[in-house]
Amino acid sequence: MPVPLTIRILGAGVSGLAASILLATDEHRVELIDEHFATPAVGTALALFPPAQSVLARLGILEQVRTISAAPELGTLRAADGQVLATVPAGNALLTSRSELVRILLDALPGSVTTSRRRITDIRPLRAGVDLLIGADGVHSLVRRSGWPGRPSARSHGVTVLRGTTKLAPPEISETWGQGWLFGITPLAGIGTNWFACVPEHRTGSREQDLAHLRRTVGGHRSAIDAVLDAATPHSTLVHGIHTVGPVWPVRQNTVLLGDAAHAMAPNLGHGANTALQDAQSLALAVRTQWGREQRRGTPPDAAPAVVSRALRRYAARRALPGQGWRLASEAMLRVAMTSSAAGWRDRVLSTSIGRIGPWND
Ligand SMILES: Cc1cc2nc3c(=O)[nH]c(=O)nc-3n(C[C@H](O)[C@H](O)[C@H](O)COP(=O)(O)OP(=O)(O)OC[C@H]3O[C@@H](n4cnc5c(N)ncnc54)[C@H](O)[C@@H]3O)c2cc1C
């Protein structure tokens, strides 16, 4: 009977935490490394769709997540003048605070998981003494940049994302597309409003000035946006760029990439964390299936390399395509939402031919 695998995971974000819980529950020896092990300071909302909710159910935390989430039914996509371009069903998504989700996942870590808080600067020592190394280390993944041919790095899309929370009750649930900018408003249970915005790259290093720039760029078009921006404060605002990575095969030897490390995507379809959770579940299931097969065959206890190699092939066959598909679709959505020159044409096409699309999910 094969002995439990020794598994090292770099990254305690959504994907690394979910993989740790599932693999440790199957009695593998898991070490989880992260430089922070911290819940994000500003709990902006993630939309979690039914496939991701079924992963949360498998993790045993779905009901806990549901109690702290909002579950709106509809949102609107609007032009800068407020015209409704489309009414979009929410697709049974739960809108959940990112920091609450990470806190719940951290609390659910089995006691058997060894955690280690440190920043990794060299991947080579992480490979030693383990059957499987998992790179769940996000968009700028060191595992990917160190171990994959061509050292694939993330590239910037020339867009700055600002997002935040306010105590204001959400004036509406909407995403407004302007000329070269977008602004979204959603509810955030227990807080009030979650908002997000994309503008052409502009970062000053001061959140106060970044917010002032945002107010100048998107303010004055719609009263709902102005109300949210009036309530926004620098200490509950996050500012960063959008980075994505070209196509990579998520498996190499006994190393595998999960979540953003494998397929960092633009945030415009709200599927990064969803695919990260599904990756974690798929990997754990592939390992479990392969492990079970070897057990039934009576494979010798030193069969770990064969178990890992077959499990990773199975994982890649399941997850490579969906991950890359969402990455490409999200990038296309970013372009359409942020177009400046074709904004008038875009709005006409949307308002006359689509009207109702789904699911609404950013
Ligand atoms: C504006 C915005 C809105 C979004 N909205 C949604 C949404 O509505 N729905 C959705 O599904 N997704 C959304 N996403 C995407 C989602 O946040 C990510 O896809 C998801 O968090 C990725 O999780 P991960 O575990 O792969 O990586 P991360 O969460 O990035 O975790 C990586 C971890 O690795 C650690 N780490 C990295 N390098 C090292 C190192 N060298 N040493 C030690 N530790 C290291 C980091 O500390 C971090 O904890 C959004 C993203 C953005 C930017």
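Here, every reference points to the structure presented above.
Residues numbered from 1 in each chain as written. Predicted model: local features only at pLDDT ≥ 70, side-chain atom pairs only at ≥ 80, totals over all residues.

Trainee: Please explain the overall build of the protein chain as it appears in this structure.
Mentor: Broken down by element type, the protein chain carries 12 helices and 16 strands. By the compact-globule yardstick of 21 Å for 362 residues, the protein chain fits well, its C-alpha radius of gyration being 21 Å. By residue count, 47% of the 362 residues in the protein chain fall in the buried class. Long-range pairs, those at least 24 residues apart, make up 76% of the contacts in the protein chain with a sequence separation of at least 6. (Helix = DSSP H or I, 4+ residues; strand = E, 2+ residues; numbered from the N terminus. Rg over C-alpha atoms; globule rule 2.2 N^0.38 Å. Buried ≥ 20, exposed ≤ 12 C-beta atoms within 10 Å, placed from the backbone. Contact = placed C-beta atoms within 7 Å.)

Trainee: What is the right way to read the environment of I225 from this model?
Mentor: Considering the arrangement of structural elements, one finds I225 in helix 8 (residues 223-231). Once the C-alpha coordinates of I225 and S174 are considered, the two residues, 51 residues apart in sequence, prove to be 9.6 Å apart. In contact with I225, not counting residues within four places along its chain, are T176, F183 and V218.

Trainee: I keep staring at helix 8 and nothing clicks. Help me out?
Mentor: Think of an α-helix as 3.6 residues a turn; residues three or four steps apart then line up on the same face. Buried residues of helix 8: I225, V228 and L229, and no others. Burial along helix 8 is one-sided: seen end-on, the buried residues are contained in an arc of 95°. Helix 8 presents S223 and D230 as exposed residues on the side facing more than 90 degrees away from its buried surface. (Arc of directions from axis to C-beta.)

Trainee: I keep staring at the sheet that holds strand 7 (residues 114-117) and nothing clicks. Help me out?
Mentor: Within a beta sheet, neighbouring strands are joined by backbone hydrogen bonds and run either parallel or antiparallel to one another. In spatial order, the strands read 7-2-1-8-15-14; together these six strands make up an open sheet with mixed pairing. For this open sheet the edge positions go to strand 7 and strand 14 (251-252), each flanked by a neighbour on one side alone. Where strand 1 (residues 6-10) and strand 2 (residues 29-34) come together, five bridges link them in parallel fashion. Within the sheet, the bridge partner assigned to T6 lies in strand 2 and is R29. (Pairing = 2+ DSSP bridges.)

Trainee: When you look at the packing of helix 1 (residues 14-25) against helix 10 (residues 272-297) in this model, what are you seeing that I'm missing?
Mentor: A packed helix pair is summarised by two numbers, namely the angle formed by the two axes and the spacing between the axes. Their axes nearest at 8 Å, the elements helix 1 and helix 10 cross at an angle of 25°. Regarding the angle of helix 1 to helix 10, the classification is roughly parallel. As for how helix 1 packs across helix 10, the hand of that crossing is right-handed. Between helix 1, through V14, S15, A18, A19, L22 and L23, and helix 10, the contact on the second element is made entirely by A273, A276, L277, D279, A280, Q281, L283, A284 and V287. (Axes fitted to C-alpha atoms, helices over the stretch in contact; angles between N-to-C directions. Parallel < 35°, antiparallel > 145°, perpendicular 65-115°, else oblique. Left-handed = near helix turned anticlockwise from the far one by under 90°.)

Trainee: Mind showing me how you'd approach helix 4 (residues 98-107) here?
Mentor: Buried residues of helix 4: R98, E100, L101, V102 and L105, and no others. Tucked into the core, helix 4 has its buried residues touching helix 1, strand 3 (45-48), helix 3 (62-67) and strand 6 (94-97).

Trainee: Explain the site of the ligand to me, please; I cannot follow it from the model alone.
Mentor: Neighbouring the ligand are 31 residues, the closest being G11, G13, G138, G259 and G272. Those elements that place two or more of their residues in the shell around the ligand are helix 1, strand 2, strand 3, strand 9 (155-166), helix 9 (260-263) and helix 10. Among the elements that make up the shell around the ligand, the one with the highest residue count is helix 10 (four residues). Here the shell around the ligand is composed, by residue class, of 14 nonpolar, 11 polar and six charged. (Near = placed C-beta within 6 Å. Nonpolar A, V, L, I, M, F, W, Y, C, P; charged D, E, K, R; others polar.)

Trainee: Help me understand unusual backbone geometry in this model?
Mentor: Residues apart from glycine generally show negative phi values, whereas peptide bonds are mostly found in trans. Unlike most non-glycine residues, E27 shows phi in positive territory, near 75°. Within the element layout of this structure, E27 appears in the loop between helix 1 and strand 2. Positioned with a positive phi, N92 is a non-glycine residue whose angle comes to about 55°. Within the secondary structure, N92 sits in the loop between strand 5 (84-89) and strand 6.

Trainee: What is the right way to look at the packing of helix 1 against helix 4 in this model?
Mentor: Relative to each other, helix 1 and helix 4 sit at 25°, their axes nearing to 9 Å. Judged by the angle between their axes, helix 1 and helix 4 are roughly parallel. As for the relative orientation of helix 1 and helix 4, their crossing is left-handed in sense. The residues of helix 4 that touch helix 1, namely those facing V14, L17 and A18, are L101, V102, L105 and L106. Taken together, the residues of the contact of helix 1 with helix 4 sort by class into seven nonpolar, no polar and no charged.

Trainee: Honestly, the nonpolar core in this entry has me stumped. Any pointers?
Mentor: Generally speaking, soluble globular proteins have nonpolar side chains that are buried together. Among the nonpolar cores identified, the biggest contains 102 residues, and A18, A19, A197, L258 and A280 are the most heavily contacted of them. By residue number, the principal contributor to this core is helix 11 (residues 304-338), which donates 11 residues. Residues contacting A19, with those up to four places away along its chain left out, are I9, I134, A136, L258, A280, L283 and A284. (Core = buried A, V, L, I, M, F, W, Y, C linked by C-beta atoms within 7 Å.)

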